[in-house]
Amino acid sequence: MTVINPTITNLEEIIDSLPTEEKRLFQRIYAVTATVGELRPPQSMEPWVRQQFGSLDAVTRQKIVKVTNMVTHEGALFNRLRDFRPIEAKERGGIDVQLVDASKDDSFSYPEEDTPEDIFGRVVGKHCITASNIAKYDGLHGLVIFNHFNPLHFSREQVIDYIDVAREWARRAQARQPEAKYFFFAWNCLWRAGASIYHGHAQVMLTRDRHYAKIEGLRQVALSYKQNYGSNYFRDLFQVHHSIGCAAEKDGVRILAHLTPFRDNEVILMAQELNLSLKDRIYEVLACLRDRVGVTSFNFGMVTPPLGETEESWEGFPVMVWVIDRGEPNSRASDISGMEIYASSVVSSDPFELAEQLRQYLD
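This section reports on the structure supplied with the text. Counting of residues starts from 1 at the beginning of each chain's written sequence and follows it residue by residue. A pLDDT threshold of at least 70 governs which residues receive local features in this predicted model, and a stricter bar of 80 or more applies before side-chain atom pairs are shown or counted, although totals over entire chains, interfaces and linings include all residues. Side-chain metrics rest on all non-hydrogen atoms present in the structure, leaving aside hydrogens and water.

A few words on helix α7 (residues 156–176). When the terminal C-alpha atoms of α7 are compared, their 31 Å separation across 21 residues agrees well with the 30 Å that a helix rising 1.5 Å per residue should span. Note on exposure labels: buried denotes an accessible area under 20% of the residue type's maximum, exposed denotes more than 50%, and partly exposed covers the range between, all computed with a 1.4 Å probe on protein chains only. The helix and strand labels rest on DSSP assignments: H or I over at least four residues marks a helix, E over at least two residues marks a strand, and numbering proceeds from the N terminus. Along α7, the residues that are buried comprise Gln158, Val159, Ile160, Asp161, Tyr162, Ile163, Val165, Ala166, Trp169, Ala170, Ala173 and Gln174. Lining the buried residues of α7 we find β4 (128–132), β5 (140–146), β6 (180–189), β7 (201–208), α10 (276–293) and β11 (298–303). Under the convention used throughout, the expected extent of a helix is 1.5 Å for every residue step, that is, one less than its residue count. Residues count as neighbours in contact if any of their non-hydrogen atoms are within 4.5 Å of one another.

In structure tokens form, the structure reads like this:
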């Protein structure tokens, strides 16, 4: 049986329709359950409910789908209805207006004059320049400051340049401290994603001894998976997403609409190396989220295997990129609550809709 209109709501049916081996692999990694939340609104609320959510039936019986990655213990609760809930705390004025106003007092207008440099100097690209972060996450922590103020006005050439400059920064940092081998690149786009300065910029880090905790945890999980099943976790993760229509592959890069996203519209990219194809796909995913999905604030993270030899094994660990949507920048209501911090992600986007947008854009 083929599910005609696949959505996260009918994920259980989609899994049941898979061939036996694909279903077994899916259930090795993911557990899926669904429940219905019921309520009775008072008659006085009915006009508002119809206006806000479309119908009374939409709220009186709400289907919630819980997806748990049993390998990594990531989880997500999906309820599309949450996308329509009222958000009262919003700032006035469009994002473009706010950015124009902010650009009048731009801390990064003249980075060579107004920002410190690393002890090994600056890396200068065609579209960006590095600086040393004045309040550091780690011993080796720099910035990639974009030439263009508005971080959403990025082109393919610019995104590739940001990544190339970040890698050159890491090469120079490691030459200074050879024991620092673990590279991480993060781009927090606008204040909603945690950027304290509006001017487009990204963070680059190189750490020693072991990778950052979540990445090290993922490495150990993948090794345990290999020992238990004799298979590569990252390859199987892609395969189970692909089997239900939530993944695609282009020029050696695997792209997933994640089934256990931390926040809405999470995309994962995986490749064997940080080559031009991966950089191109990174741009295309970011452009699709911006131009098709309407994402205006996001978190981007990229990790590579270590830059030098290590005592621990990184066999089979790909270059990985994560991108998540951080929601409407003008909203003052946080998209991170106690659920995300202590329990499980609560998500209103649909990975199947996201996957379709990505497929159309990548084609």
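Having seen the structure, we can now continue with the description.
Glancing now at the side chain of Thr207. Residue position: Thr207 is located in strand β7. Under the relative-accessibility criterion, Thr207 is labelled buried at 8%. For this analysis, a polar contact is any N or O atom pair within 3.5 Å, provided that within protein one partner can donate a hydrogen and the other can accept it, and provided that sequence-adjacent residues contribute only side-chain to side-chain pairs. Within the structure, Thr207 has its side chain in polar contact with the side chain of Asp138 (distance 2.7 Å). Each residue touching Thr207, except ones within four places of it in the same chain, is listed here: Asp138, Ala180, Lys181, Tyr182 and Tyr212.

With respect to the element layout, Asp118 can be found in the loop between α6 (111–114) and β4. Residues Asp118 and Ala186 lie 68 residues apart in sequence; the distance between their C-alpha atoms is 18 Å. Contact partners of Asp118, with chain neighbours within four places excluded, come to Ala131, Ser132, Lys136, His141, Gly142 and Trp169. A distance of 3.0 Å separates polar atoms of two side chains, one belonging to Asp118 and the other to Ser132.

Attention now moves to the pattern of salt bridges. Definition used for salt bridges: Asp or Glu carboxyl oxygen within 4 Å of a side-chain nitrogen of Lys or Arg. Inspection of every chain in the model, using the stated rule, returns 25 salt bridges. Across the pair Arg156 and Glu284 runs a salt bridge, and its minimum N-O distance is 3.2 Å. Placement of Arg156 in helix α7 and of Glu284 in helix α10 is noted, with a sequence separation of 128 residues between them. Connected via shared salt-bridge partners are Arg156, Lys250, Asp251, Asp280, Arg281 and Glu284.

Any empty space left between atoms is shown by rolling a water-sized probe over those atoms. Here a cavity denotes grid points, spaced 1 Å and computed from the protein atoms alone, that fit a 1.4 Å probe unable to get out, and a pocket denotes an open set having protein on both sides within 12 Å along at least 5 of 7 lines; residues with an atom within 4 Å of a point are the lining. Grid points are joined across faces, edges and corners, and a volume is the space filled by probe spheres set on the points. One number sums up the size of the largest pocket: a volume of about 1,300 Å³. If you go around the largest pocket, you meet 39 residues; those closest to its centre are Glu74, Lys214, Phe262, Glu266 and Trp322. Counting residues per element, the ones that place at least two in the lining of the largest pocket are β6, β7, α8 (213–229), α9 (233–243), β11, β12 (319–325) and α11 (338–343). Here the element with the most residues in the lining of the largest pocket is α8; it accounts for five residues.

In terms of residue burial, strand β9 (residues 253–257) counts as a mostly covered element, since four of its five residues are buried. One requirement defines pairing of two strands: DSSP has to find at least two bridges between them. Note that strand β8 (residues 247–250) and β9 share four bridges and pair antiparallel. Bridge pairing in β9 links Glu249 to Arg254. Direction of pairing for β9 relative to strand β10 (residues 267–271): antiparallel, over a ladder of four bridges. Across the sheet, residue Ala257 finds its bridge partner in β10, namely Val267.

The tally for this structure, following the rule as stated, stands at two cavities of 30 Å³ or more. Size it by volume and the largest cavity reaches roughly 50 Å³. Lining the largest cavity, in full, are Cys246, Ala247, Ala248, Ile255, Ala257, Ala355, Leu358, Arg359 and Leu362. Broken down by secondary-structure element, the contributors of at least two residues to the lining of the largest cavity are β8, β9 and α12 (351–362).

Our focus in this paragraph is α8. Three- or four-residue spacings in an α-helix give side chains the same orientation, since the helix completes a turn every 3.6 residues. Taking 1.5 Å of rise per residue, the 17 residues of α8 would be expected to cover 24 Å, and the 24 Å separating its terminal C-alpha atoms lies within 8% of that figure. Those residues of α8 that are buried lie in contact with α2 (20–29), β6, α9, β11 and β12.

Let us look at the packing of α10 against α12. Geometry of a packed helix pair, given as the angle between the helix axes and the separation of the axes. Note on geometry: axes are C-alpha line fits, over the in-contact stretch for helices, and angles between N-to-C directions span 0 to 180 degrees. Packing of α10 against α12 brings their axes to within 10 Å, and their N-to-C directions diverge by 115°. Every pair of crossing elements has a handedness; the one defined by α10 and α12 is right-handed. Contacts between α10 and α12 involve Tyr283, Glu284, Val285, Ala287, Cys288, Leu289, Asp291, Arg292 and Val293 from the first element and Leu354, Gln357, Leu358, Gln360, Tyr361 and Leu362 from the second. When residue character is reported, Ala, Val, Leu, Ile, Met, Phe, Trp, Tyr, Cys and Pro are called nonpolar, Asp, Glu, Lys and Arg charged, and the others, Gly included, polar. The residue makeup of the contact of α10 with α12, split by class, is ten nonpolar, two polar and three charged. Helix crossings fall into two classes, left-handed where the near helix is turned counterclockwise from the far one by less than a right angle and right-handed where it is turned clockwise.

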